[in-house]
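Secondary and tertiary structure notes
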Amino acid sequence: MSRHSQNGPIYEVEGLVIDLYTPTVSVRAVDGAGFYVAPGETLAIVGESGSGKTVMTLGPLGLLPEGVAVDLRGTARADGKDILSMSPTDLSRLRGGFFGVIFQDPMSALNPMLKIGPQLAEQARRFAGLSATEARKEAVSLLARSGIPDPEDRYDRYPHELSGGMLQRAMIALALAARPRVLIADEPTTALDATVQAQILALIRQIQKEDGIAVILITHDIGAVSVLADRVAVLYAGQVAEEGSAIDVLTAPVHPYTRGLLASVPDFRSDNATGTKEIPGIPPNQAQLEPGCRFADRCELVQPQCRTHRPPLVKVGAGSVPHRVACPVVIAAEGIVTHD
Ligand SMILES: Nc1ncnc2c1ncn2[C@@H]1O[C@H](COP(=O)(O)OP(=O)(O)OP(=O)(O)O)[C@@H](O)[C@H]1O
Ligand code: SF4
Ligand SMILES: [Mg+2]
């Protein structure tokens, strides 16, 4: 099933550390995490609420929580270019053109005061370099392609005149208007009902097939991961616990957190004879992080060394897509062969 590309990564983040400071608290939102995605590939980023999925993916692009002071370190490259040293103007151009972002709330991207079509046309004119006439045509065609019926009519509608599902499609059309090479979808379907969710995911998949773009899907929905993703990165408390091909991570998870996450999903594992169970406990307070494994307080297999040494991500198995796991205890206990 792997559509893993032979090409190198088009967006690549390494050793990322992001500290957020509010007047009352400082939080290490991302703690030495990284990921990559290649053209034509879908990377899913999963993990509990607050694990740092959004900040890790969008932070390097300068899309960070408002009203918070930020310290960001590490490396991030888009098409081989260092993003973190770019001027604000270049970064803003990259954000609008190279990257397309779909948020959970369409109204965070669409202007409520402007008609839908002209917003798309403006995006196509600015970032894809089209003339005003071409941009109008492109906007209508993007609305059609995004599954919006009667696109000529919808072109002249305001956002409040569209349903939730149609607005989500309009936002996808807006993200595509600049002809991005990396599409980032941050919980794109959480607010929608199940039928529309399935339609939106099918749309993202179709666009990816047609355009060969890279997709990063940030989601809680393991079902969506199994349908759409080539690779998966599991984030826990700002660190990558496990990453690898979707098949490896979903069918042969190694990290206790990944195993717990999958066991907590109803109906996901038909071989799960004991039924679903929640992972006990809560994630650590990221304002007061202890050394060692972030998962230690919730882990049934915890050993004394887990509390003192940060577990490194180690390559396991011999698959062509690297499968990496940050849990030396399970690797040793189960005699899993490592490759680093
Ligand atoms: N505006 C903010 N002020 C302070 N801390 C914040 C702010 N936004 C995010 N954080 C902190 O940064 C960390 C990572 O947040 P992030 O939004 O990336 O998580 P997430 O995995 O995307 O969660 P969710 O699934 O709920 O979207 C969390 O610990 C969170 O508390
Ligand atoms: S390193 Fe230790 S605490 Fe962390 S997941 Fe593995 S066994 Fe559990
Ligand atoms: Mg988020």
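On a predicted model such as this, the values are computed, not experimentally measured, just so you know.

**A word on helix H4 (residues 132–145)**
Between its first and last C-alpha atoms H4 spans 20 Å; for 14 residues at 1.5 Å apiece the expected length is 20 Å, and the two agree. Buried within H4 are the following residues: Ala135, Glu138, Ala139, Val140, Leu142 and Leu143. Among the structural elements, helix H3 (116–127), helix H5 (151–155) and helix H6 (164–177) are those in contact with the buried residues of H4. Directly beyond the C-terminal end of H4, a positive phi value near 85° is found at glycine 147.

**A word on the site of ligand 2**
Around ligand 2 sit His255, Pro256, Cys293, Phe295, Ala296, Cys299, Leu301, Cys306, Pro311, Cys327 and Val329, and those are all the residues in its vicinity. Broken down by class, the residue content of the shell around ligand 2 amounts to 10 nonpolar, 1 polar and no charged.

**Here we look at the site of ligand 1**
Residues in close proximity to ligand 1 total 16 residues, the closest being Ser49, Gly50, Lys53, Thr54 and Val55. Within the backbone of glycine 52, a nitrogen or oxygen atom sits 3.0 Å from an oxygen atom of ligand 1. Residue lysine 53 places a side-chain N or O atom 2.8 Å away from an oxygen atom belonging to ligand 1. The fraction of the free accessible surface of ligand 1 (630 Å²) that becomes covered by protein chains is 69%. It is helix H1 (residues 53–58) that provides the largest number of residues to the shell around ligand 1, a total of 3 residues. Here the residues of the shell around ligand 1 are counted per class, giving 6 nonpolar, 8 polar and 2 charged.

**A closer look at the sheet that holds strand S11 (residues 314–316)**
Taken together, the 8 strands give an open sheet; going across it, the order is S6-S7-S8-S3-S9-S10-S12-S11, and neighbouring strands pair in mixed fashion. Edge positions in the sheet fall to strand S6 (99–102) and S11, since each has one partner strand and no second. Taking the axes of each pair of neighbouring strands and ignoring which way they run, one obtains an average angle of 20° across the sheet. As paired elements, strand S7 (residues 182–186) and strand S8 (residues 214–218) share 5 bridges and run parallel to each other. Its bridge partner lying in S8, alanine 185 is registered against leucine 217. Sitting on the sheet, helix H10 (residues 256–263) is in contact with strand S3 (42–46), strand S9 (231–236) and strand S10 (239–245), with an inclination near 105° to S9.

**Some words on the sheet that holds strand S4 (residues 69–78)**
Strands pair in a sheet through their backbones, by hydrogen bonds, and they do so in one of two ways: parallel or antiparallel. With antiparallel pairing, 4 strands are arranged side by side in an open sheet as S2-S1-S4-S5. Edge positions in the sheet fall to strand S2 (26–37) and strand S5 (81–82), since each has one partner strand and no second. Sheet topology note: the strand S1 (residues 11–21)/S4 ladder contains 9 bridges and is antiparallel. Along S4, the bridge assignment pairs valine 17 with arginine 73.

**A short note on the UniProt feature "domain: ABC transporter" (unreviewed entry) in the protein chain**
The positions UniProt marks with the feature "domain: ABC transporter" (unreviewed entry) are residues 15–262. A helix fraction of 40% and a strand fraction of 25% characterise residues 15–262, whose end C-alpha atoms lie 26 Å from each other.

**Observations regarding the pairing of S7**
Burial runs high along S7: 5 of the 5 residues are buried. Where S6 and S7 come together, 4 bridges link them in parallel fashion. Residue pairing in the sheet places isoleucine 102 in a bridge with alanine 185 of S7. In this view, the connection linking S7 to its parallel neighbour S8 by way of helix H7 (residues 194–211) has right-handed handedness.

What counts as what
- Residues numbered from 1 in each chain as written.
- Chains lettered and ligands numbered in written order.
- Predicted model: local features only at pLDDT ≥ 70, side-chain atom pairs only at ≥ 80, totals over all residues.
- Heavy atoms only, no water.
- Helix = DSSP H or I, 4+ residues; strand = E, 2+ residues; numbered from the N terminus.
- Expected span 1.5 Å × (residues − 1).
- Buried < 20%, exposed > 50% of the residue type's maximum accessible area, 1.4 Å probe, protein only.
- Contact = heavy atoms within 4.5 Å.
- Near = heavy atom within 4 Å.
- Nonpolar A, V, L, I, M, F, W, Y, C, P; charged D, E, K, R; others polar.
- Polar contact = N/O pair within 3.5 Å; in protein donor to acceptor, adjacent residues only side chain to side chain.
- Areas by Shrake-Rupley, 256 points an atom, 1.4 Å probe, with all protein chains shown as cover.
- Pairing = 2+ DSSP bridges.
- Axes fitted to C-alpha atoms, helices over the stretch in contact; angles between N-to-C directions.
- UniProt positions renumbered as here; feature names shortened; annotations may be inferred.
- Right-handed = clockwise from strand over helix to strand, strands pointing away.

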